Amino acid sequence: MMSRRVVIDPITRIEGHLRIEVEIDENNVVQKAYSSSTLWRGIELILKGRDPRDAGLMAQRICGVCTYSHYKAGVEAVEDALGVTPPLNAQLVRSLLNESLYMHDHIVQFYHLHGLDWVDILSALEADPALAAKEAFKYTDLPIATGEDELKAVQEKVKGFSGKGSLGPFANAYWGNPTYKFTPEQNLIALSHYLKALEVQRIAAQMFAIFGAKQPHPQSLVVGGITSVKDMLSPARLAEWKSKYEIVKEFIDRAYYPDIVMAASAYGTEESVLGGMGVKNFLTGDAFLLSRNKNLFESGMIKNGDLSRVYPIEDQKIEEDVTHAWYEGDKPLQPYNGETIPNYTGFIDGDTVNGPAKIINEKDKYSWVKSPRYEGESCEVGPLASMLVNYAKGNKPVVDAVDTFLKRTGLPVEALFTTLGRTAARMLQTKVIADHAIITFNSLIENIKSDQSTYTKFEIDPALEYKGRFIGEVPRGTLSHWVRIKDGVIENYQAVVPTTWNAGPKDANDIIGPYEASLVGLKLEDPTKPLEVLRIIHSFDPCMACSVHVMDIKGKELADFKVSTVNGVGTC
Amino acid sequence: MNSYDSLLKQAEMQLESLAKLSSVKEEPLEVILDKHGINRRDFLKWAASITAMLALPAQFTPLVADAVKLADRLPLVWIHLAECTGCSESLIRTDSPTIDSLIFDYVSLEYHETLMAAAGWQAEENLENAIKNYAGRYILLVEGGVPTAMNGQYLTVGAHARTGLELIHHAASSAAAIFSIGTCASFGGIQAAAPNPTGAKGVDKVISNPVINIPGCPPSSKNIVGTLVYFILFGTLPAIDVYSRPKWAYGQRIHDKCERRSHFDAGEFVESFGDEGAKEGWCLYKQGCKGPYTFNNCSVERFNQHTNWPIGAGHGCMGCSEPDFWDAMGPLEKPIDAHLVMGLNATVDQIGTTLLTATAIGIGAHAVASLFASKSKEEDDE
Ligand code: SF4
Ligand code: SF4
């Protein structure tokens, strides 16, 4: 083979447009990896000069998958700037929406975006449904959608596709790759849950829409509070939320959790999922208001995988480098000092294992994503960071969930620092949230009895200047929005988002980010069909639209923000 | 009924010719429905509801049912340009376990980056195969605006780093029909809001083929499904307004069928979010509701299987299915004083592009404001 370059573009089953390239040696082991985001939209630039109350709805259009995250962040950044505190009811409803979002988003991520990296659809067709029905009981006492007849129906449905030679959305994937480790029966169980999850996610979306108006792209938050007061005060609506919540929670307990236990047993010795981590620094923010002043998850940072010490996050230690990003600039800058002037240099002609193509020129710039660094080091963010930091902090619900899972699977703590661990952590985070969302719900019901307020009035004085920010945790990791208001309109807006941390290119010092680092040392079975790469990248849950943002030079003035702890306004 | 008779004929002929095409799927829909416990009566009921939604007379119901059975003859190719994936997310929220979702199992989704298993070279191969094998037969659904500045290089897709602009030309060239899904594909969307840094445009601005727009941010899954069924049924695009939106879905203003309309007429307005009027469900005009300027069926169809919708949840409509709404309707929480509230019978065709430039016919904002003043409970609330 001539070329040792593998290009994967588009990376499918993600939000947005992502290209991954790797260079392999003669044994097909990855030596170098490059991550490139191939779309730029410029939304922060568009926000300038707008009414600050529009920030949330506009920022929301950054991403329709973790829809709501940027809405809430935009609204709460403006609240922080104006010094507005929404009433407790509003904070609790926002938290309830966030919990509903996570329950939806993580299910879709695992089953519909990530699942096919673990589940071989064609193998599922060979399974014996009777045996599979029995197998399901190994992982839970109460399996869902795995009765023999149900599994037979699932097989027939998919055979319906393959019979005509048209697999539709399942066509031309890497089926049969030897790193698929489920037995045919296990594949069939997971395939059945893939289909079941399509139904459940609709219910999860309805659960969200009760107080959020619609999903995706809710419309019930305003600066100062929430608008869905009628729904909040309606016993029928509250009951509706609870009944849908129970259905979704049941799926998490009886399908999602056991499926990950099943994956841990099947993949526990598969090399390609036991690496996948080159960066062991983790950052996370606060999240989920359970009751007045009580959050479910806390913020913090871990260095070098050392769980014995958690550091508070200090914003001035965050810098972004654009050496290899398609922007002008030659030194790392604090986000609030950031400059963003597009400077696209494109790809070059080259050869790949699949033939000639446009390839990344790694000596030059190669992505629309910048490279954020903390004290000059790259960091991973996301559910794994949230679980690890909270585990290290001794956060009881997290410690219990992680320990129970490790005991169940017989895996050591070190197993968390792998692709498998990253995927398991997302499920564990979902499980902890599903177990605790009801506390938020009950707090709301309790509070409504004596207080029906949902909105705090405020004024924007055009003669004053305001600045504020939101920092908190969203499904893909730590998110912050920064806003500066002058003459009554947005003067400057910026978002520092999760996928930027994970997907950024290498920096001026050749320090590489989590995506790129996670692939080094990976052995590919067939470089023309690089399933192993997809599996690792999907385990991060890429969201490219989020990660490509523009900051304005006027942001410099934001440098004098007083930043003590990482704490969003109200809930996050 | 003459025009209906000819429409009926057109539909019958179209279905006949579709039936002659080879099916992509192994099992006919009847069998699939049967397996899901959906009997013929339920199916016809559903077909009747779609027929009504499409504003066709009841006699079309059996034809709609037949059309759906032939849905597998027309494969779908869905491409992503400059977007947020919200429209795709909306697509996977189609009703379940009812028939809408089965339709999506049943139609052949040949290419869809968010859902397809293949990636990279193999994904591109799927796209090329679909374009080649189903030339003149596939329906192209586009999500996202087209960045046109810098030769379109703000977006590239695939190993050959094809720009979004090249991709849309390529995919459109042999499509049987092209649907712009969402406001981004229809009108450029959020990235086209001022100052439009990437020169983003709606699909119909960059290609010459006819395009049907299904705007909304995102559009409801109902509007996507309905437009598909219509196309299968007639083999032509439905009647459209000046913005190429199907009239059956976008023919009426939000305001005309709004659940809070009686409060508008009675002059009962929410004066501040969270006030007594908000708890009672009064009209949101004074909180910036753009329902009077917005053509869509949200007030009837709602979202997430009728669970809720923005006005239901106490937030004004922001006009997301109108061209340039981010610029034209903002600030979103303030009434558009400069704009005019249209006469109640005006349709978008009469109002046309002048709607958002404040020179239209109808009662002026001033007149409406005085209408408010005479009926409003403002004083009582303050
Ligand atoms: S129309 Fe709205 S939901 Fe659809 S891609 Fe554009 S921003 Fe996202
Ligand atoms: S102004 Fe808005 S809330 Fe009021 S009746 Fe019209 S559409 Fe409904």
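Residues numbered from 1 in each chain as written. Chains lettered and ligands numbered in written order. Predicted model: local features only at pLDDT ≥ 70, side-chain atom pairs only at ≥ 80, totals over all residues. Heavy atoms only, no water.

Hey, could you run me through the sheet that holds strand 3 (residues 30-37) of chain A in this one?
Each strand in a sheet pairs with another by means of backbone hydrogen bonds, the pair being arranged parallel or else antiparallel. Residue and element names in this part refer to chain A. One open sheet accounts for 3 strands, arranged 1-2-3; its pairing is antiparallel. Of all the strands in the sheet, just strand 1 (5-8) and strand 3 have a single pairing partner and so form its edges. Each strand axis lies, on average, 15° off the axis of its neighbour in the sheet, ignoring direction. Here strand 2 (residues 18-24) pairs with strand 3 via 7 bridges, running antiparallel. When the sheet's bridge partners are listed, Leu18 is paired in strand 3 with Ser37. (Pairing = 2+ DSSP bridges. Helix = DSSP H or I, 4+ residues; strand = E, 2+ residues; numbered from the N terminus. Axes fitted to C-alpha atoms, helices over the stretch in contact; angles between N-to-C directions.)

Help me understand the side chain of A:Thr418 in this model?
Residues and elements named next belong to chain A. Mapped onto the fold, Thr418 is located in the loop between helix 13 (396-409) and helix 14 (419-450). One polar contact links the side chain of Thr418 to the main-chain carbonyl oxygen of Ala415, over a distance of 2.6 Å. Aside from chain neighbours lying at most four places away, what touches Thr418 is Val273, Leu274, Gly275 and Met277. (Polar contact = N/O pair within 3.5 Å; in protein donor to acceptor, adjacent residues only side chain to side chain. Contact = heavy atoms within 4.5 Å.)

Looking at this structure, how should I read the packing of helix 4 (residues 88-114) of chain A against helix 17 (residues 531-539) of chain A?
A pair of packed helices can be characterised by two numbers: the angle between their axes and the separation between those axes. Residue and element names in this part refer to chain A. Their axes nearest at 11 Å, the elements helix 4 and helix 17 cross at an angle of 165°. Judged by the inter-axis angle, helix 4 sits roughly antiparallel to helix 17. Both helix 4 and helix 17 take part in a crossing whose hand is right-handed. Contacts from Gln109, Leu113 and His114 of helix 4 reach helix 17 at Arg535, His538 and Ser539. The class makeup of the residues in the contact of helix 4 with helix 17 is 1 nonpolar, 4 polar and 1 charged. (Parallel < 35°, antiparallel > 145°, perpendicular 65-115°, else oblique. Left-handed = near helix turned anticlockwise from the far one by under 90°. Nonpolar A, V, L, I, M, F, W, Y, C, P; charged D, E, K, R; others polar.)

I would appreciate a short explanation of the site of ligand 2 in the present structure.
Every residue near ligand 2 is listed here: B:His255, B:Cys258, B:Arg260, B:Arg261, B:Phe264, B:Cys283, B:Leu284, B:Tyr285, B:Cys289, B:Gly291, B:Pro292 and B:Ile311. Per-class residue counts for the shell around ligand 2 are 8 nonpolar, 2 polar and 2 charged. (Near = heavy atom within 4 Å.)

What am I meant to see in the pattern of salt bridges here?
Side-chain pairs of opposite charge can arise whenever the charged atoms involved come near each other. Residues and elements named next belong to chain A. Scanning the entire structure with this criterion turns up 47 salt bridges over all chains. Here Glu250 and Arg254 are joined by a salt bridge, their closest N and O atoms 3.4 Å apart. Taken together, the residues Glu250 and Arg254, both in helix 10 (residues 235-267) and 4 residues apart, mark about one turn of the helix. A salt bridge links Glu491 to Arg484; the shortest N-O distance between them is 2.9 Å. Here the two residues Glu491 and Arg484 agree in accessibility, since each one is buried. In this structure, a network of salt bridges that share partners links the residues Arg5, Asp9, Arg19, Glu21, Glu23 and Glu362. (Salt bridge = Lys/Arg side-chain N within 4 Å of Asp/Glu carboxyl O. Buried < 20%, exposed > 50% of the residue type's maximum accessible area, 1.4 Å probe, protein only.)

Before we go on, may I ask you to explain the confidence of the model for chain B in this structure?
Where the model shows low pLDDT, its predicted coordinates should not be examined in detail. Residue and element names in this part refer to chain B. Averaged over every residue, the pLDDT of chain B is 82; residues scoring 70 or more account for 79%. Helix 9 (residues 182-187) holds the highest mean pLDDT among the elements of chain B, 98, whereas helix 17 (residues 365-375) holds the lowest, 36. Within the model, pLDDT remains below 50 along residues 338-382, and this stretch shows 79 contacts once partners closer than five positions in the same chain are excluded. Model confidence for the complex: the whole-complex pTM is 0.90, and ipTM, which rates the interface, is 0.91. (pLDDT = per-residue confidence, 0-100.)

Any chance you could explain the UniProt feature "domain: Cytochrome-c3 hydrogenase C-terminal" (unreviewed entry) in chain B here in plain terms?
Under the feature "domain: Cytochrome-c3 hydrogenase C-terminal" (unreviewed entry), the UniProt entry names residues 250-332 of chain B. As annotated, residues 250-332 of chain B has a helix share of 23% and a strand share of 0%, and its two end C-alpha atoms lie 21 Å apart. (UniProt positions renumbered as here; feature names shortened; annotations may be inferred.)

It is not clear to me how the nonpolar core should be interpreted in this structure. Could you clarify?
One recurring pattern in soluble globular proteins is that nonpolar side chains are buried together. Residues A:Trp241 and A:Leu519 are the most contacted members of the largest nonpolar core, which totals 181 residues. For this core, the leading source of residues is helix 10 of chain A, giving 16 residues. The residues touching A:Trp241, leaving out its near neighbours within four places in the chain, are A:Leu96, A:Ser100, A:Met207, A:Ile210, A:Phe211, A:Ala437, A:Ile438 and A:Phe441. If you look at the next biggest cluster of nonpolar residues, it comprises 47 residues, including B:Leu8, B:Trp46, B:Leu74 and B:Cys87. (Core = buried A, V, L, I, M, F, W, Y, C linked by side-chain atoms within 4.5 Å.)

I keep staring at the interface of chain B and chain A and nothing clicks. Help me out?
When the parts come together, some accessible area is lost, and that loss is often what is quoted as the size of the interface. Taken together, the contact pairs 89 residues of chain B with 94 residues of chain A. For the pair chain B and chain A, the two sides together bury roughly 7600 Å², of which 56% comes from carbon and sulfur. Between chain B and chain A we count 2 salt bridges in total. The interface formed by chain B and chain A contains 44 residue pairs in polar contact (both at pLDDT 80 or more). Of all the elements in the fold, those that place two or more residues in the side of chain B that touches chain A are helix 5 (86-91), helix 6 (99-106), strand 2 (109-112), helix 7 (120-133), strand 5 (156-157), helix 13 (276-280) and helix 15 (325-328) of chain B. Per-element tally for the side of chain B that touches chain A: the top contributor is helix 7 of chain B, with 7 residues. (Buried area = accessible area lost by both parts, 1.4 Å probe.)

Please explain unusual backbone geometry as it appears in this structure.
Peptide bonds are mostly trans, and most non-glycine residues show a negative phi. All names here are of chain B. Cis geometry is found at the peptide bond from Ala194 to Pro195, where omega equals 10°. Residue Gly330 is joined to Pro331 through a cis peptide bond whose omega torsion reads -10°. With respect to the secondary-structure elements, Pro331 resides in the loop between helix 15 and helix 16 (348-351). Although it is not a glycine, Asp324 adopts a positive phi angle of roughly 55°. Among the structural elements, Asp324 can be located in the loop between helix 14 (298-301) and helix 15. According to the relative accessible area criterion, Asp324 is partly exposed, its value standing at 49%.

When you look at the site of ligand 1 in this model, what are you seeing that I'm missing?
Lining the immediate surroundings of ligand 1 are 13 residues, of which B:Cys84, B:Cys87, B:Thr183, B:Cys184 and B:Cys217 lie closest. More than one chain reaches ligand 1: its neighbouring residues belong to chains A and B. If you list the elements that add at least two residues to the shell around ligand 1, you get helix 5 and helix 9 of chain B. Of all the elements, helix 9 of chain B adds the most residues to the shell around ligand 1, at 3 residues. Of the residues contributing to the shell around ligand 1, the split by class is 5 nonpolar, 5 polar and 3 charged.

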